[in-house]
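Here is how the chains run, residue by residue.
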Amino acid sequence: MRHLMSPMDFSVEELDRLLSLAIDIEQNPKKFAHACDGKKLATCFYEPSTRTRLSFEAAMLNLGGSVLGFSSADSSSAAKGESVSDTIRVISCYADICAMRHPKEGAPLVASLKSTIPVINAGDGGHQHPTQTLTDLLTIRSLKGHLGDLTIGLCGDLKFGRTVHSLIHALIRYPNIRFVLISPEELRVPSYIREDVLDKNHIPYREVERLEDAMADLDILYMTRVQKERFFNEEDYVRMKDFYILDKAKMTLAKKDMLVLHPLPRVNEISVEVDDDPRAAYFKQAQYGVYVRMALILTLLEVEVC
Ligand code: NCD
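Cut-offs used in this document
- Residues numbered from 1 in each chain as written.
- Predicted model: local features only at pLDDT ≥ 70, side-chain atom pairs only at ≥ 80, totals over all residues.
- Heavy atoms only, no water.
- Helix = DSSP H or I, 4+ residues; strand = E, 2+ residues; numbered from the N terminus.
- Contact = heavy atoms within 4.5 Å.
- Core = buried A, V, L, I, M, F, W, Y, C linked by side-chain atoms within 4.5 Å.
- Buried < 20%, exposed > 50% of the residue type's maximum accessible area, 1.4 Å probe, protein only.
- Domains from an automatic or database assignment.
- Pairing = 2+ DSSP bridges.
- Axes fitted to C-alpha atoms, helices over the stretch in contact; angles between N-to-C directions.
- Lys, Arg positive; Asp, Glu negative; His and termini not counted.
- Salt bridge = Lys/Arg side-chain N within 4 Å of Asp/Glu carboxyl O.
- Polar contact = N/O pair within 3.5 Å; in protein donor to acceptor, adjacent residues only side chain to side chain.
- Near = heavy atom within 4 Å.
- Areas by Shrake-Rupley, 256 points an atom, 1.4 Å probe, with all protein chains shown as cover.
- Parallel < 35°, antiparallel > 145°, perpendicular 65-115°, else oblique.
- Nonpolar A, V, L, I, M, F, W, Y, C, P; charged D, E, K, R; others polar.

Asks: How would you sum up the environment of lysine 39? Please name residues and give values.
Replies: Along the polypeptide, lysine 39 turns up in the loop between α1 (12-27) and β1 (40-45). Between the C-alpha atoms of lysine 39 and glycine 65, which are 26 residues apart in sequence, the distance is 4.9 Å. If sequence neighbours within four positions are ignored, lysine 39 has contacts with Met60, Gly65, Ser66, Asp96 and Leu301.

Asks: Let's hear about the nonpolar core: which residues, and what values?
Replies: Leu137, Leu154, Ile168, Phe179 and Leu296 are the most contacted members of the largest nonpolar core, which has 60 residues in total. Residue contributions to this core reach at least three from each of two domains, namely domain 1 (7-128 + 289-300) and domain 2 (130-286). Apart from the residues lying within four places of it in its own chain, the contact partners of leucine 137 are Leu15, Leu19, Leu147, Leu167, Ala170, Leu171 and Tyr174. Within the second largest apolar cluster, 21 residues are counted, among which are Ile182, Val208, Val260 and Ala280.

Asks: Residue-level account of the sheet that holds strand β3 (residues 97-102), with values.
Replies: Taken together, the 4 strands give an open sheet; going across it, the order is β2-β1-β3-β4, and neighbouring strands pair in parallel fashion. Each having just a single partner strand, β2 (66-70) and β4 (119-124) make up the two edges of the open sheet. Neighbour-to-neighbour, the strand axes of this sheet turn through a mean angle of 15 degrees, independent of strand direction. Relative to β3, β1 runs parallel, the two sharing 5 bridges. Opposite threonine 43, over in β3, you have alanine 99 as the bridge partner. Along the sheet, helix α3 (residues 84-94) makes contact with β1, β2, β3 and β4, crossing β3 at roughly 155 degrees.

Asks: Please set out the side chain of glutamate 269 residue by residue, giving values where relevant.
Replies: Residue placement: glutamate 269 occurs in the loop between β9 (259-261) and α10 (282-300). Lacking a salt bridge, the buried glutamate 269 has arginine 225 as its closest oppositely charged neighbour, with an N-O distance of 6.0 Å. Of note is the side chain of glutamate 269, whose polar atom sits 2.7 Å from the side chain of histidine 262. With near-sequence residues (within four places) excluded, glutamate 269 lies in contact with Met223, Thr224, Arg225, Tyr244, Ile245, Leu246 and His262.

Asks: Describe the site of the ligand, listing the residues and the values that go with them.
Replies: The full set of residues close to the ligand is Thr52, Arg101, His129, Gln132, Arg162, Thr163, Arg225, Gln227, Pro263, Leu264 and Pro265. Between the ligand and threonine 52, the relevant distance is 2.8 Å, taken from an oxygen atom to a side-chain nitrogen or oxygen of the residue. One of the backbone nitrogen or oxygen atoms of proline 263 is found 2.9 Å away from a nitrogen atom of the ligand. With the chains in place, 94% of the 320 Å² that the ligand exposes on its own is no longer accessible.

Asks: Account for the environment of lysine 228, naming residues and giving values.
Replies: When you line up the elements, lysine 228 lands in the loop between β8 (220-223) and α8 (234-240). For lysine 228, a relative accessible area of 44% gives the class partly exposed. In the structure, lysine 228 is positioned 12 residues away from methionine 240 in sequence and 9.5 Å away in space, judged by C-alpha atoms. For lysine 228, the contacting residues outside a window of four places in its chain are Glu234 and Tyr237.

Asks: Which residues make up the packing of helix α6 (residues 162-171) against helix α7 (residues 191-199), and what values go with them?
Replies: At a closest axis distance of 10 Å, the pairing of α6 and α7 adopts a crossing angle of 10 degrees. Between α6 and α7, the interaxial angle falls into the category roughly parallel. On α7, the residues that touch His165, Ile168 and His169 of α6 are Tyr192, Ile193, Val197 and Leu198. Classifying every residue of the contact of α6 with α7 gives 5 nonpolar, 2 polar and no charged.

Here's what the structure looks like:
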């Protein structure tokens, strides 16, 4: 039995197969409509979510399965003091696969150790968000045609943004990847990622504070929200929250085929006037999230569709 805690849990070949399966699903949805008949997905979300939880649920429903779960710690026995280990032992009796989001780093991993069903990390604190990364990879591969030979700008809260951490881990395995890390000093990529992941693997990157200094070089601009819930005080958040605002004027500095991605939710970091720009791909990205989660459920449940 396999779990998914980090994008590194899959080899590049396995990821390739998973993304190809997602494209097959996109193109032939009917073929997969009963692939998970009789199977149940549990969504155990101890933190707020719109896209991740609902796209998991849509994914299982599209495969003919059903869903159960909770969407906040308050509405589960966590509020009574139950541990994730006990909760997952019980969920294992009710469902065939579980997607878990938790504010504590490593909580889904702890759950996976006691689980008798596959557990998917749907975001653990400021650590990892592997299924967002699968979504991002599918979006890039589908819209750019390849995952190597790209200059990727990661902009915003690179310290607490778990989507950025997982995406860096995943992308460095492709050839000729270069990063431009765009953040204020206080929200830089943590040193354990800069040193242990980027430096150790000799990945070219530069760090800049101004978005304008990076725009012209980028093939992908990955915008992120300042992660309010991970700040220790409100004052710091208020100071940082509008540090970046991507607007039409800044888009004029970019390549004609640059893609703008964002895991969403957006707050102010992308002005709505950018939404009509053909390079704005963030809503398309959310749609890809359903196909890739369908592919992931099939893969972890070892369901073959001919
Ligand atoms: C992201 C997350 O939860 O980390 N959202 C998502 O799953 N699409 C990004 C965010 O909340 O900023």
